[in-house]
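One-letter residues, chain by chain:
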Amino acid sequence: MTQPARRGRMPAIHDADIRRVARTVLAEQGPEALTLRAIARDLGITAPALYRHYASREDLVAALRRDICVDLADELAGQVAELPDDGVVQLFAICKGFRRWALAHPHEFTLVFASPNGENPGGIRQFDEPFGRVFLGAAGRLLTTYDLVTPSTDTIPDALREDLIGFQTELLAMLAESSQKFPAEKLDLGVAYLMMTLWARLYGHVTLEVFGNYPMPVSDPDALFDATLADLAGTIGLTGPQPL
């Protein structure tokens, strides 16, 4: 009597395996290809088996976002560690490092910084994220050692004040609970407004470049980015030669 064929056992899959394959799919094919079915196929398992680890695609994407931000923060922090303890040098090196990373990892940049993220549209935005803390540390050194030109509270649009007060409050609470060397006494509304607008300009420039959306052909994008950083330096009152 013929015995029925035994079904092969599902291979043992660990969370690290899932994330490794998901990162590969993301890097090679982009966020649109990041489906549970595609990941399961590459792992040699069925898609439902992934639900033992992640309740949904959104849960897996959230985990990938965190992993990518940690890796980016580690990369930038490593670069900063090799630089002089100077807020200007470090902050603008971080800006350049962020741009280099975005151009080298456009799909990861898209997932983290240019796609919706549930209740947090636009991806990672909080300064208590690993990536944000690297910027915050350099900004703190800048405020500690340089006399910057910050916007007067009178120039802040009234419609933004409530949002900025919320942002300032969250930052102060986070700084109180962390080891960040940031001069909290200097974090007035003008500084909060400056941090928000500088990030918007940096992020906007990098996004235009990553997606090839400059409004004109640019033969030397490095020169354009350096000019942008020089303009940002001038905005906050940093004069003279800058380490850009």
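An unreviewed UniProt entry annotates the chain as TetR family transcriptional regulator originating from Nocardia bhagyanarayanae.

Draft legend 1. Spotlight on the overall build of the chain. Along the backbone of the chain there are nine helices and zero strands. Helices and strands appear in the chain in the N-to-C order α-α-α-α-α-α-α-α-α. Summing over all exposed atoms, the chain offers an accessible surface of approximately 13800 Å²; the carbon and sulfur share of this is 54%.

Draft legend 2. Region of the structure containing helix α8 (residues 189-210). Given a rise of 1.5 Å per residue, 22 residues ought to cover 32 Å, and the 31 Å separating the end C-alpha atoms of α8 matches this to within 8%. The backbone nitrogen of Gly190 has a side-chain oxygen 3.1 Å away, supplied by the residue at the start of α8, namely Asp188. Positive backbone phi, approximately 65°, marks Gly212, located one or two places after α8.

Draft legend 3. The packing of aromatic side chains, seen in detail. A complete count under the given rule lists 15 aromatic pairs for this structure. Pairing Phe131 with Phe135 gives two aromatic rings, centres 5.2 Å apart and planes at 75°, and the pair type is edge-to-face. Here Phe135 and Phe131 lie together in helix α6 (residues 130-145), a separation of four residues that amounts to about one turn. Comparing Phe131 with Phe135 shows no difference in burial state: the two are buried. Here the aromatic residues Phe98, Trp101, Phe109, Phe113, Phe131, Phe135, Trp199, Tyr203 and Phe211 are joined through ring pairs into a cluster of three or more.

So, how was this worked out
Residues numbered from 1 in each chain as written. Predicted model: local features only at pLDDT ≥ 70, side-chain atom pairs only at ≥ 80, totals over all residues. Heavy atoms only, no water. Helix = DSSP H or I, 4+ residues; strand = E, 2+ residues; numbered from the N terminus. Areas by Shrake-Rupley, 256 points an atom, 1.4 Å probe, with all protein chains shown as cover. Expected span 1.5 Å × (residues − 1). Polar contact = N/O pair within 3.5 Å; in protein donor to acceptor, adjacent residues only side chain to side chain. Phe/Tyr/Trp six-rings, centres within 6.5 Å; stacked < 30°, edge-to-face > 60°. Buried < 20%, exposed > 50% of the residue type's maximum accessible area, 1.4 Å probe, protein only.

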